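The lines below spell out each chain.
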Amino acid sequence: MDYNRIMQEILNIGEELLKSGAEIFRVEDSLYRMCRSYGFVRSDVYASQINIQMTVETPEGEIITQIRYIEMTSPHYDKLDQLNNLSRYVCANTPKQAEIHERYEKIAKSKVLAFPLMVLAQIVSGTSFAIFFGGGRNDAIVAVFASAAMALTGYWIGKQEKNPMIYNLVLAFVTEMVILLAEKMGIAIHSDRIMIGIVMVLISTLGVINGLRDVVQRNFTSGALEIMNSVLGALGIAFGIALAMKMLHGGGNAGGAVLNSNIFVQAVSVSVGSIGLAGIYQIRGKKVIYSGIGAFLTWTVYLIVRQFGGSYLFGMLLASVFVGMYAFVMARINKAPSTIFLTASVFPLMPGANLYYMMYGCVKQNLALAIEHMILLVETCLMIVFGFLLVDIVSRIVMRIWGQEYHIGKIQYSFIPYAGAGFVHSGKGAGYDELGINAGLINRFRLSSALDLNVELRGLLMKGAFGNSGPEGLAGLTVGVTYKFKKRGWDAVPTVPMVPESQLNDMRDRVNALKGENESLKRDLVEARNKK
């Protein structure tokens with residue numbers, strides 16, 4: 001076996017994993033597992049955002065070292081999913097070098113989302129988050145054009161510039177120019193909320209969170225690099241916004257981070273916005289829908305905590321624990337990296353507004369505003385990291401308890417969507433009757449033969465006749481469990497197939513014919529006996 005070639009193919013997979021957006025610990029773990037499957041006596045792997053170093057000892061005692069430099073990373077989660085499956089296949093089957101290379105080349109050539117669809121995803125994401133952050137109808141219209149301008153600029157500059165700081169600077173500058181021009185024309189009302197919604201995909205707080213996770217897990221160098229890259233990206237956004245404000249002599253209405261006053265609109269806009277982000281991150285298939293559902297559930301958990309008097313940070317902690325658990329379970333159900341489900345689902349919790357106003361305070365020389373939002377930014381990131389770490393610790397304990405033979409990937413998932421319409425009646429005072437439209441999704445996770453987890457999402461929309469002038473909405477989340485007492489199965493009634501009447505007649509004729517033959521044989525037998 002040519003161990004040099006095998007090691008090269010393993011490094012190819014690791015490099016493409018890192019380029020596609022995999023976490024450092026995932027890359028290292030995948031490389032360790034693949035090396036172990038080929039019988040290497042020892043393997044040492046070190047990965048960071050800029051290189052991968054790997055040294056192995058073959059069964060014959062030969063020491064091999066290879067280093068791979070990483071030029072640039074760009075999230076492509078569909079490719080990440082395929083590479084994850086390839087690494088599983090390599091571990092299970094230990095194929096020859098030629099087969100690994102053939103499968104790897106096929107994945108490496110995976111195409112990105114078509115450019116018109118990427119523009120549409122950017123528009124859907126930016127507009128939805130602008131509404132989520134309190135933007136009105138005019139702001140939504142401006143967000144559509146600003147998002148399109150950002151997507152077109154990103155398509156062009158992405159081919160010219162690989163430096164993330166300069167890339168973010170140019171995109172933020174162009175986007176802010178469009179928004180501020182619309183504000184000067186009297187179209188945009190809340191320029192800050194539009195900008196926050198649109199640059200959610202650029203604001204690198206998720207990178208800070210992943211960097212802090214790496215530091216906590218003792219990957220100090222990679223964690224520091226991740227945080228540094230995020231800070232440089234944030235500085236690029238700040239410089240771009242500042243340059244646009246200076247060129248237009250100020251501008252930038254900063255009324256503060258105010259979410260949409262309608263909770264139902266918050267939940268819907270954050271779900272649609274996360275679906276748009278899923279497209280930007282190259283998530284494909286049903287995983288796109290799971291991203292929207294995850295974002296909706298995450299924000300619902302946060303709202304419930306706040307409704308019952310919980311603090312902002314406590315709500316962030318519990319919501320981050322929930323989204324971590326959601327990503328863990330969905331990863332096992334779909335046999336895909338949890339990153340795919342975590343990235344878009346956690347975006348409602350991202351402190352993008354805090355980062356924006358911190359930068360805005362620096363640009364406007366408002367030190368108090370900058371410090372206030374900087375503290376909130378750090379606290380929020382720490383709460384999210386702490387929530388993720390809690391899920392990591394608990395999941396590892398659960399896996400150890402169940403042992404190596406336990407695979408949560410065998411969880412069965414089913415869902416029932418429903419929609420309907422009817423009249424909503426209020427008995428207070430004179431009473432009201434209004435037409436209401438309702439829809440929902442019943443989700444069932446079969447955890448074992450005895451236990452099911454049930455999650456129902458439902459919403460009701462009706463005309464505002466109960467004290468408000470505009471339309472009213474009602475959203476609900478119900479979580480429960482189903483326990484099946486023994487006996488947990490049943491004896492199915494055998495299915496009797498229906499027989500056509502024509503076939504029955506043919507069968508009757510055949511039976512009658514056989515009866516006639518039988519009678520004839522009886523007579524022949526009697527006659528033969530009489531002759532004797």
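Summarised in this report is the structure supplied together with it. This structure is a prediction, so every number in the text was calculated from the model and none was measured.

**Overview of the packing of aromatic side chains**
Summed over all chains, the structure comprises 11 aromatic pairs. For the ring pair Tyr302 and Tyr312, a centre distance of 6.4 Å and an interplane angle of 85° mean the geometry is edge-to-face. With a gap of 10 residues between them, Tyr302 in helix H12 (residues 286-307) and Tyr312 in helix H13 (residues 312-334) connect regions that are remote in the sequence. According to the relative accessible area criterion, Tyr312 is partly exposed, its value standing at 23%. In this structure an aromatic cluster arises from ring pairing among Phe129, Phe132, Phe133, Trp299, Tyr302 and Tyr312.

**Focus on the packing of H12 against helix H14 (residues 338-345)**
In contact at an axis separation of 8 Å, H12 and H14 are set at 50° when each is read in the N-to-C sense. Accordingly, the angle class assigned to the pair H12 and H14 is oblique. With respect to the hand of their crossing, H12 and H14 are arranged in right-handed fashion. Of the residues in H14, those in contact with Lys287, Tyr290, Ser291, Gly294, Ala295 and Thr298 of H12 are Ile340, Phe341, Ala344 and Ser345. Across the contact of H12 with H14, the residue classes break down as five nonpolar, four polar and one charged.

**A few points about the pairing of strand S1 (residues 42-47)**
Every second residue of S1 is oriented toward a common face, the buried set being Ser43, Val45 and Ala47 and the non-buried set Arg42, Asp44 and Tyr46. Where S1 meets strand S2 (residues 51-57), six bridges bridge the pair, whose relative direction is antiparallel. When the bridges of S2 are listed, Tyr46 appears paired with Gln53. Adjacent in sequence and paired antiparallel, S1 and S2 are bridged by three residues.

Calculation rules
- Per-chain numbering applies: the sequence of each chain, read as written, is numbered from 1 onward.
- Only residues with pLDDT of at least 70 get local features here, since the model is predicted, and only at 80 or more are side-chain atom pairs given and counted; chain-wide, interface and lining totals rely on the full set of residues.
- Derived side-chain values reflect all non-hydrogen atoms in the structure, with water molecules and hydrogen atoms excluded from consideration.
- Paired rings are identified among Phe, Tyr and Trp, the last through its six-membered ring, by centres lying within 6.5 Å, and are further divided according to the angle between planes into stacked (under 30 degrees), edge-to-face (over 60) and tilted (the rest).
- Strands here are runs of E lasting at least two residues and helices are runs of H or I lasting at least four, both read from the DSSP assignment and numbered beginning at the N terminus.
- Burial classes: relative accessible area under 20% of the type maximum marks a residue as buried, over 50% as exposed, and values in between as partly exposed (1.4 Å probe, protein chains only).
- Axis geometry follows a simple rule: fit a line to the C-alpha atoms, using only the stretch in contact for helices, then measure angles between N-to-C directions, giving values from 0 to 180 degrees.
- An angle below 35 degrees is treated as roughly parallel, one above 145 as roughly antiparallel, one from 65 to 115 as roughly perpendicular, and anything else as oblique.
- Take the far helix as your reference; a near helix turned counterclockwise from it by less than a right angle gives a left-handed crossing, and one turned clockwise gives a right-handed crossing.
- Contact criterion: two residues are considered in contact whenever any of their non-hydrogen atoms come within 4.5 Å of each other.
- Just so you know the grouping, Ala, Val, Leu, Ile, Met, Phe, Trp, Tyr, Cys and Pro go in nonpolar, Asp, Glu, Lys and Arg go in charged, and all remaining residues, Gly too, go in polar.
- Pairing between strands is defined by DSSP: at least two bridges between the two strands are required.

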